[in-house]
Amino acid sequence: MYWEKTRSSMLTVLLLGTSVVWGYVPELVNPNLRLAAMGNLNIVIEDIDNEINFYDFGESAAGAIEDNDYKSQIYASAVYGYGVYDEILPSREGHGTALDIGAIMKYGQSFALGGAYSRSWIYEAYDVFGSVVEENASVTVDSILVAYQIVPHMSAGVRGTYNGGIYVGEYTLEPSVMICAWPAWRLGLTYVLKRCGTVTGHEFVLPMVFTGNKLKFGVMGRLREGRYYDSEKSIRARAQYSLGNGRTGGCVALAAEYMTPYGFYDWILKAGGGVALEDRKLGVIGMQYSWSIEHIDLYDFFPLQIGPIDYHEGEVNLGAEMRFLSVVAARLGYINRFFYSSLDIAVSRRDFVTAGIGLRLSDVDLSLDLAYNLKVWEFMGTDTTGYMSLVHDEDHTFAIACRYLF
């Protein structure tokens, strides 16, 4: 079976380490540049594209009309990143560029039409058993979205996406429906049809969102047909409670997710929470902590009777935003991720330093953001002699984005 071979090869990488770079893609810690510059406080801070609503959290095209208070938007961004790697692998390097542009036009409170286009250019050079391999690739992603309010308490939408991929393209079609059961509640259903090469996949998503004066929370269940393994079932939740009022405020927030299976793991459990404090003139400061456990039972496919392994990942996020003249904001953040398994295999850590600047012209709802991410990655790898040693890698990523709401 293809999946059994894939799981075995991935486990070999996990146990023994590797000198192969599987691909370099320029990515920030969050596609939202404000959050990317503030240490990715994605649990405690709501921002555009990261709200607890039916469109962002519920991933439903039917919620596009309500998103951003019924405002239309035009968005464009550019990202560039490159890697600086340890001397243990002098031939290993990579860099890439990504461009993204999109728009959603709203017509009253009953119709929305949108589309997006993105393209990435990737270069990578890596060492494969002493031989240097170089690759250049480009990836294109296109999407179109339509949403319509059928009656005052029901909306429908559909989103189509094409992901060019590096080797095989993937087509996705997502029809969805949203029902306003009560003024503060949104319920709905999304069906996802995916076509990748000769393989067709099906997925059902059930989002539910509550929006109150102080409390917001969302719950989303997902059933995804597996391509090479059992069907994936998952449930995700996020909640936020606002603190204070007037000039000072903030929030406490929680998030959790459970999936089974997850990749070549039998199941994964994620949980996290944090707090943010805000002075609407001076700025905001926040922190959050998250934890995940990935479980795999090696009896399923590994010839040695090692037993189950629990792979742990912890993350600490710190971030701040300082505002000047109500127009300019300076941002800074830090992230620490650490990894280990129950058998002390593949111990590693990653540290991120994030920074950025934001410009907001509230009179015309125009924003310009710049962000920088430095990722330092330390892990156990193999050199050309086959001995295990500590590998030190660095990634530098720069981005600029402009958004106009109207």
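The structure we're discussing is the one just above.
Cut-offs and rules
Residues numbered from 1 in each chain as written. Predicted model: local features only at pLDDT ≥ 70, side-chain atom pairs only at ≥ 80, totals over all residues. Heavy atoms only, no water. Helix = DSSP H or I, 4+ residues; strand = E, 2+ residues; numbered from the N terminus. Buried < 20%, exposed > 50% of the residue type's maximum accessible area, 1.4 Å probe, protein only. Contact = heavy atoms within 4.5 Å. Areas by Shrake-Rupley, 256 points an atom, 1.4 Å probe, with all protein chains shown as cover. Salt bridge = Lys/Arg side-chain N within 4 Å of Asp/Glu carboxyl O. Phe/Tyr/Trp six-rings, centres within 6.5 Å; stacked < 30°, edge-to-face > 60°.

Caption draft 1: Layout of the overall build of the protein. Summing up its helical and strand segments, the protein has 2 helices and 18 strands in all. In the protein, buried positions account for 43% of the 406 residues. The long-range share in the protein, meaning contacts at least 24 apart out of those at least 6 apart in sequence, stands at 52%. Carbon and sulfur atoms provide 63% of the accessible area of the protein, an area that totals close to 20,400 Å².

Caption draft 2: Representation of the pattern of salt bridges within the structure. Under the counting rule described, the total for this entry stands at 21 salt bridges. Lysine 71 is the salt-bridge partner of aspartate 365, the closest N and O atoms lying 2.6 Å from each other. On the criterion of sequence distance, the pair formed by aspartate 365 in the loop between β16 (348–361) and β17 (366–382) and lysine 71 in the loop between α2 (33–37) and β1 (73–84) is long-range, its members being 294 residues apart. On the basis of relative accessibility, which here comes to 27%, the residue aspartate 365 falls in the partly exposed class. According to the relative accessible area criterion, lysine 71 is partly exposed, its value standing at 32%. Each of Arg34, Asp47, Glu278, Glu321, Arg323, Arg331, Arg360 and Asp369 takes part in salt bridges that share partners, so that together they form one network.

Caption draft 3: Looking closely at the packing of aromatic side chains. This structure, assessed with the given rule, holds 15 aromatic pairs. Taking 5.2 Å as the distance between ring centres and 25° as the angle between the ring planes, the aromatic pair formed by tyrosine 404 and phenylalanine 406 counts as stacked. Assessed through its relative accessible area of 39%, phenylalanine 406 is described here as partly exposed. Taken together, Trp182, Trp185, Phe210 and Phe217 form an aromatic cluster joined through their ring pairs.

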